Amino acid sequence: MPLLPEGHPEKIFREDGLRLDGRKPDDLRDIRLEIGVLKNADGSAMICHGKNRIIAGAYGPREVHPRHLAQSDTGILQVQYRMSTFSVGERKTPVPGRREKEISMVVQHALEPVLFLEQYPNSTIDIFIQVMTADGGTRCASITAAALALADMGIPMRDLVTGVAVGKINNKPILDLADYEDKWEEGAADMPVAVMMNEKKITLLQLDGQVSIDEYEQMLNLALKGAERIYELQKEALKKKYTSELVGGR
Amino acid sequence: MSEFHEEGGSKNEIPEDEHYEEDLADSNTFDEEEHPDSEDHGKAPIEEGPEKFGGEEEGGLEESGTREVVTPGQVLGAKSKDLLPGFGTVADPKGNIISLYVGFLQKHGKYVNVIPFKGRYTPRVGDKVIGKIVDKNVVLWKLDINAPCVAILRAGDAGEGDRGRREYGGGGSKGGSPQVRRRFDRGGKKEDTSQYNVGDTIIAKVLKYDRTTEPSLTTVGPDLGPIRGGFIMDIAVPKIPRLIGKAGSMIKLLNTLTSCKLFVAQNGVVWIKGRKIDEERLLIRAIKKIENEAHTVGLTDRVKEFVESEMKKVKV
């Protein structure tokens, strides 16, 4: 028997119009962010986003291995997204699959615009993302955590990157899909978005499903609203970590 | 990216600034008997030098009047004639000054600076660094100096290995015609890499560095050369200035209170060597205390108190 109850609920909205976990369509799940969770990483962060538990560790800038990947005019960002075997209901094979390679690349592309990689030619910045428990929207949560790990590392960044997923179910736009909502098939679409909140620049936008232009705009606005709230949490987490160190020092 | 600006600073003033930090490092000279003048060498420019984050004990932070923690991307104000982006900040296309790091906001004259909490060492010409040899071949060594890439120490830049002493015309080939001597006798410098081995730890100075090539090092100069004995410890690079203290005050304090010798390298490595292991351990604890409390006011006094009370226990 799987540890987490799997399966498809018969309805996706409750009778009072709320979602099955009691959220309104534009509500986020509970998010808790923690900085500096890995002692030996240069920078690290953990995100608890709903039932998601994701740890990101950042290293570098350091020498590139294998050497042929190094570029003499710019540094590179390497991201490894991996799901633990126990992170999902059915055991996941530890072999990195097509999906993990895609998400690694997507996270890398989402984070690159905030870094000044040209400052570190012949070097690499490595980010390792390990999903301990997955509950929908892991790529967005990974981006949120990885941005914090980079900030914790003390590397110059233009901005933080915030990831949030939007979607629609029964043709109704909703924010921050949980796993069971992700798997709903009727009138459904799923759109992960990553934003640099300060300049409102989008660094990741994927779309799975069919939406009209109106729906797309509604969803994007919803995503920006959600990202704004997560961005505040990110800033708060960073400030809290270093302010508490400060108080501890006194 | 942005450069560090001092009060009314222009780009031309930046080298002065570098000097300042280099001189701070100089003031913690290791072999005082051998280089009695190095102390003075360190002092003179410091008094004229501009106030910097690292140098300030009480004054600087108070002056800027802020202990605000900022995050990357945070808008620190609109760029204008009276407000310019300094260290750790950059102006975005809209004309807002944004922070690049998680760190303390600091206003210095017209400039807004952000002093990061963490960070990797970026080599700068003139910095004294402690590195470990990770590779060698016939003409050069490669050193790990905590920088994004390995540093190069060429055999010709390695001196004689005799700390601070460089003899011209001595050693090497004896006899033979003057032509032969000129060809093989390079002023006492050894032209092979037999002096150091992989795994050796040495103090070196950055000779050349631009970010497109690996930094070149030299071991010719006072304090430079191999390290034998003692302890090596790492501390966060942005906290190095605090460990050095204003005009090297913190290092002097630690050196006078304990019988240990202390060398602080700009790349975040500290070498401790003392006569008693207990004192060395105490010094390690004191340095960790400084690192943890680097942002606080009145640190020198507290460290003094701490070391003095602990020294009593060591002696009993």
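(A) Spatial organisation of the overall build of chain B. When you go through chain B residue by residue, the secondary structure sums to eight helices and 16 strands. Within the span of chain B, comprising 316 residues, buried residues form 52% of the whole. Total accessible area computed for chain B in this model is approximately 14600 Å², and 50% of it derives from carbon and sulfur atoms.

(B) Structural detail: the nonpolar core. The biggest cluster of nonpolar side chains holds 66 residues, and the ones touching the most others in it are Leu111(A), Leu115(A), Ile127(A), Ile129(A) and Leu150(A). In this structure, Met233(B), Met250(B), Cys260(B) and Leu262(B) belong to the second largest nonpolar core, which totals 26 residues.

(C) Region of the structure containing the interface of chain B and chain A. Contacts between the two partners involve 31 residues from chain B, matched on the other side by 34 residues from chain A. Where chain B abuts chain A, roughly 2800 Å² becomes buried across the two surfaces, and 57% of that area is made up of carbon and sulfur atoms. In this structure, Asp42(A) engages Arg120(B) in a salt bridge whose closest nitrogen and oxygen atoms are separated by 3.7 Å. Put simply, chain B and chain A have nine residue pairs in polar contact (both at pLDDT 80 or more) between them. Those elements that place two or more of their residues in the side of chain B that touches chain A are β1 (69-70) and β5 (96-99) of chain B. In terms of residue class, the side of chain B that touches chain A is built from 14 nonpolar, nine polar and eight charged.

(D) Seen up close, the sheet that holds strand β3 (residues 52-63) of chain A. Residues and elements named next belong to chain A. With mixed pairing, five strands are arranged side by side in an open sheet as β1-β2-β3-β5-β4. Unpaired on one side and paired on the other, β1 (31-35) and β4 (76-83) mark the two borders of the sheet. With direction set aside, neighbouring strand axes in the sheet form an average angle of 15°. Relative to strand β2 (residues 43-49), β1 runs antiparallel, the two being bridged by five bridges. For Ile35, the partnering residue across the bridge sits in β2 and is Ala45. Contacting β4 and β5 (123-133), helix α1 (residues 98-111) runs over the sheet at an angle of about 140° to β4.

(E) Molecular detail of the side chain of Lys239(B). When you line up the elements, Lys239(B) lands in the loop between β14 (231-234) and α5 (240-244). Assessed through its relative accessible area of 13%, Lys239(B) is described here as buried.

(F) Spotlight on the sheet that holds β14(B). All names here are of chain B. Ordered by their spatial adjacency, three strands build an open sheet running β14-β16-β15, and the pairing between neighbours is antiparallel. Among the strands making up the open sheet, the edge pair consists of β14 and β15 (261-264). Strand after strand, the sheet turns through a mean of 20° between neighbouring axes, direction not considered. The sheet contact formed by β15 and strand β16 (residues 269-273) spans four bridges and is antiparallel. Within the sheet, the bridge partner assigned to Leu262 lies in β16 and is Ile272. With respect to the sheet, helix α7 (residues 277-292) is in contact with β14, β15 and β16, its orientation differing from that of β14 by roughly 10°.

(G) Fine view of a positive patch on the surface. All names here are of chain B. Taken together, the side chains of Arg228, Lys261, Lys273 and Arg275 define a basic patch exposed on the protein surface. Within the fold, Arg228 resides in the loop between β13 (225-226) and β14. We classify Arg228 as exposed; its relative accessible area is 59%.

(H) Structural view of the confidence of the model for chain B. All names here are of chain B. The share of residues in chain B with pLDDT of 70 or more is 69%, and the mean pLDDT across the chain is 75. Taking the mean pLDDT of every element in chain B, the minimum, 33, falls on helix α2 (residues 38-48) and the maximum, 95, on strand β8 (residues 128-136). Note on residues 161-185: pLDDT under 50 across the span, and 35 contacts to partners over four residues away in sequence or across chains.

(I) Quick peek at the pattern of salt bridges. What the rule picks out here adds up to 25 salt bridges over all chains. With its nearest N and O atoms 3.4 Å apart, the salt bridge here joins Lys118(B) to Asp152(A). With Lys118(B) in the loop between β7 (111-116) and β8 and Asp152(A) in helix α2 (residues 138-153), the pair connects residues from two separate chains. The salt bridge partner of Lys289(B) is Glu293(B), with a shortest N-O separation of 3.4 Å. Relative accessible area serves as the criterion here: at 11%, Glu293(B) is assigned to the buried category. Put simply, Arg19(A), Asp21(A), Arg23(A), Arg29(A), Asp135(A), Asp176(A) and Glu181(A) are held in one network by salt bridges that share partners.

(J) Highlighting unusual backbone geometry. With an omega of -5°, the peptide bond running from Gly60(A) to Pro61(A) counts as cis. As for its placement among the helices and strands, Pro61(A) is situated in strand β3. Even without a glycine there, the phi angle at Asn170(A) is positive, about 50°. As for its position among the elements, Asn170(A) is in the loop between β6 (161-169) and β7 (172-175). Judged by its relative accessible area of 36%, Asn170(A) is partly exposed. Unlike most non-glycine residues, Ala247(B) shows phi in positive territory, near 50°.

(K) Up close: the packing of α1(A) against α2(A). All names here are of chain A. Look at α1 against α2: their axes get within 10 Å of each other, and the N-to-C directions meet at 45°. Between α1 and α2, the angle falls in the class oblique. Of the two possible hands of crossing, α1 and α2 adopt the one that is right-handed. On α2, the residues that touch Arg99, Glu102, Ile103, Val107, Ala110 and Leu111 of α1 are Thr138, Arg139, Ile143, Ala146, Ala147 and Leu150. A class-by-class count of the residues in the contact of α1 with α2 yields eight nonpolar, one polar and three charged.

(L) Seen up close, the side chain of Ser99(B). Within the secondary structure, Ser99(B) sits in strand β5. The exposure class of Ser99(B) is buried, given its relative accessible area of 0%. Within the local environment of Ser99(B), its side chain forms a polar contact with the backbone oxygen of Tyr101(B), the two atoms lying 2.8 Å apart. Not counting the four nearest positions on each side in its chain, Ser99(B) is found in contact with Met157(A), Arg158(A), Val70(B), Thr71(B), Pro72(B), Gly73(B), Gln74(B), Leu76(B), Gly88(B), Thr89(B) and Val114(B).

(M) Here's a closer look at the packing of aromatic side chains. A complete count under the given rule lists five aromatic pairs over all chains for this structure. Centre to centre, the rings of Tyr242(A) and Phe117(B) are 4.5 Å apart; their planes meet at 15°, and the pair counts as stacked. Here Tyr242(A), found in helix α4 (residues 213-249), pairs with Phe117(B), found in the loop between β7 and β8, and the two come from separate chains. Overall, the relative accessible area of 3% leaves Tyr242(A) in the buried class. A network of ring pairs unites the aromatic residues Tyr242(A), Phe104(B) and Phe117(B) as a single cluster. We note Lys172(A) situated over the ring of Phe13(A); from NZ or CZ to the ring centre the distance is 4.9 Å. Just above the ring of Phe306(B) sits the side chain of Lys289(B); from NZ or CZ to the centre is 5.2 Å.

Cut-offs applied
- Residues numbered from 1 in each chain as written.
- Chains lettered and ligands numbered in written order.
- Predicted model: local features only at pLDDT ≥ 70, side-chain atom pairs only at ≥ 80, totals over all residues.
- Heavy atoms only, no water.
- Helix = DSSP H or I, 4+ residues; strand = E, 2+ residues; numbered from the N terminus.
- Buried < 20%, exposed > 50% of the residue type's maximum accessible area, 1.4 Å probe, protein only.
- Areas by Shrake-Rupley, 256 points an atom, 1.4 Å probe, with all protein chains shown as cover.
- Core = buried A, V, L, I, M, F, W, Y, C linked by side-chain atoms within 4.5 Å.
- Contact = heavy atoms within 4.5 Å.
- Buried area = accessible area lost by both parts, 1.4 Å probe.
- Salt bridge = Lys/Arg side-chain N within 4 Å of Asp/Glu carboxyl O.
- Polar contact = N/O pair within 3.5 Å; in protein donor to acceptor, adjacent residues only side chain to side chain.
- Nonpolar A, V, L, I, M, F, W, Y, C, P; charged D, E, K, R; others polar.
- Pairing = 2+ DSSP bridges.
- Axes fitted to C-alpha atoms, helices over the stretch in contact; angles between N-to-C directions.
- Patch = residues over 30% accessible without salt bridge, like charges linked within 9 Å, V, L, I, M, F, W, Y side chains within 5 Å.
- Lys, Arg positive; Asp, Glu negative; His and termini not counted.
- Charge placed at Lys NZ, Arg CZ, Asp CG, Glu CD.
- pLDDT = per-residue confidence, 0-100.
- Parallel < 35°, antiparallel > 145°, perpendicular 65-115°, else oblique.
- Left-handed = near helix turned anticlockwise from the far one by under 90°.
- Phe/Tyr/Trp six-rings, centres within 6.5 Å; stacked < 30°, edge-to-face > 60°.
- Lys NZ or Arg CZ within 6 Å of the ring centre and 35° of its normal.

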